[in-house]
Amino acid sequence: GEALVRKHDGVIIRPYTVYGPGDYSGHLIPTVFNSCLTGKSMWIAEDPIHDYIWVEDLIDVYIHAQHSEPKIFEAGTGIATSNKEVWSMIEALLDKKANVDQRIEGRVYDSSEWKAPAPVLGKLINMTSLEDGLRNLALDYQYGPQKKNN
């Protein structure tokens, strides 16, 4: 597929782990928030490592990429964060513990470390840190979707 895109002078965007409002409830971040706030039990694989990109940052990548070089974008931050670290960050933000029923092995298709090779997007857009993104989501989960000041 990438060869065809290159042939037609297109843009290739490779998003890493996208998170933010409206995320699928079965993904890690919504599962941890739900467990902390409702007490619902959850299973977690602590070790897998991901590179989280805020959904609004990914939208900015799509907007800017069409007029920029290079024509291939690794849409991630270049920062590796384990599931356990994400889980701990959410517990700290909410000052509540998740109800972890069982720790499990990662899924067969999970890689041990999935992150962008280099954080080049920071030169293109203003990146949202994982901590700030989780803080935004904490407000959404506790008080409903927040209005953005644009």
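Just so you know, these numbers come straight off a predicted model, no measurement behind them.

A word on unusual backbone geometry
Next up, step 1: With phi around 55 degrees, aspartate 95 is a residue other than glycine that occupies positive phi space.
Next up, step 2: Structurally, aspartate 95 can be placed in the loop between helix H4 (83-94) and strand E8 (99-103).
Next up, step 3: Owing to a relative accessible area of 71%, aspartate 95 belongs among the exposed residues under this scheme.

A word on the packing of aromatic side chains
Next up, step 1: Counted under the stated rule, the structure contains three aromatic pairs.
Next up, step 2: Between phenylalanine 33 and tyrosine 141, the ring centres sit 4.5 Å apart and the planes meet at 10 degrees, which makes this aromatic pair stacked. With phenylalanine 33 in helix H2 (residues 28-38) and tyrosine 141 in helix H5 (residues 130-143), this pair connects stretches of sequence that are 108 residues apart.
Next up, step 3: Judged by relative accessible area, phenylalanine 33 falls into the buried class, the value being 0%.
Next up, step 4: Within the aromatic cluster, the residues linked to one another by ring pairs are Tyr19, Tyr52 and Trp54.

Analysis parameters
Residues numbered from 1 in each chain as written. Predicted model: local features only at pLDDT ≥ 70, side-chain atom pairs only at ≥ 80, totals over all residues. Heavy atoms only, no water. Helix = DSSP H or I, 4+ residues; strand = E, 2+ residues; numbered from the N terminus. Buried < 20%, exposed > 50% of the residue type's maximum accessible area, 1.4 Å probe, protein only. Phe/Tyr/Trp six-rings, centres within 6.5 Å; stacked < 30°, edge-to-face > 60°.

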